[in-house]
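Analysis of the macromolecular model
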Amino acid sequence: MGRFASHECSEMDKKGHAVLLFSRGHTLDVRPLLKEMGFEVVAKRSTAELVDDLRHGSYRAAILDHDGLDRDVLEVILNIQDFDREMPVVVISNAREMEHKELLVSLGRIYLINANGSLTQLRRGLQAALEPFHGGGGEQSQAQ
């Protein structure tokens, strides 16, 4: 009986630790890094799929591949915040300078990560942005 209760708990934890990845594969593949951190990754490739999943799902965070978006990053973030204003949004980019950088950060719970560095740097950026939300904590950190 103890095993069954443990199994139920782990299934609930898994659902509670899902992140929504919006990517077309232009930046580094972050799925292995997110899985190492204990997140279940649900990947979407279009804004329509993203919005539909936000309407029906519950996620710890949204991860956006800035370089592969089919729309303006600001528009996508505003769509996400329409569904869940508290959900952290991590924007990963290969670009030297992101468009609307200051405006994005001012929206709150937006974390910008430069993917031009090493895999270790990308991992650190993801951990800094997501760890406070992994267990449902409310602390906010700023990754760059």
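What comes next is a walk through the structure. Since we're looking at a predicted model, the values are computed, not measured. (Residues numbered from 1 in each chain as written. Predicted model: local features only at pLDDT ≥ 70, side-chain atom pairs only at ≥ 80, totals over all residues. Heavy atoms only, no water.)

**A look at the pairing of strand S4 (residues 89-93)**
Most of S4 is tucked away: five of the five residues are buried. Of the two faces of S4, the one lined by Val89, Val91 and Ser93 and the one lined by Val90 and Ile92 are each fully buried. Of the strand pairs in this sheet, strand S3 (residues 61-65) and S4 are connected by four bridges, and their pairing is parallel. Bridge pairing in S4 places Ile63 opposite Val90. Inspection of the sheet shows S4 paired to strand S5 (residues 110-114) by five bridges, in the parallel sense. When the sheet's bridge partners are listed, Val91 is paired in S5 with Leu112. (Buried < 20%, exposed > 50% of the residue type's maximum accessible area, 1.4 Å probe, protein only. Helix = DSSP H or I, 4+ residues; strand = E, 2+ residues; numbered from the N terminus. Pairing = 2+ DSSP bridges.)

**Here we look at the pattern of salt bridges**
Per the counting criterion, the structure on display carries four salt bridges. The salt bridge involving Arg123 is made with Glu36; its shortest N-O contact spans 3.3 Å. Note that Arg123 is positioned in helix H6 (residues 119-134) and Glu36 in helix H2 (residues 31-36), a separation of 87 residues in sequence. Overall, Arg123 belongs to the partly exposed group, its relative accessible area being 25%. Given the relative accessible area of 57%, Glu36 is considered exposed. Residue Asp52 pairs with Arg55 through a salt bridge whose shortest N-O separation is 3.9 Å. One end of the pair, Asp52, and the other, Arg55, are both in helix H3 (residues 47-56), three residues apart, so they sit about a helical turn from each other. (Salt bridge = Lys/Arg side-chain N within 4 Å of Asp/Glu carboxyl O.)

**A look at the sheet that holds S5**
Whenever strands of a sheet pair, they do so through backbone hydrogen bonds, lying parallel or antiparallel. With parallel pairing, five strands are arranged side by side in an open sheet as S2-S1-S3-S4-S5. Two strands close off the open sheet at either side, each with one partner strand: strand S2 (40-44) and S5. In this sheet, adjacent strand axes meet at a mean angle of 20° when their direction is disregarded. Strand direction decides the pairing type here: strand S1 (residues 18-22) and S3, joined by four bridges, are parallel. Bridged to Leu20 within S3 is Ala62. Packing against the sheet, H3 makes contact with S1 and S2, and its axis sits at approximately 160° to S1. (Axes fitted to C-alpha atoms, helices over the stretch in contact; angles between N-to-C directions. Contact = heavy atoms within 4.5 Å.)

**As for the environment of Ala115**
Of note, Ala115 is situated in the loop between S5 and H6. For Ala115 and Ile92, which are 23 residues apart along the polypeptide, the C-alpha to C-alpha distance reads 6.1 Å.

Nothing here speaks to function; it is geometry throughout.
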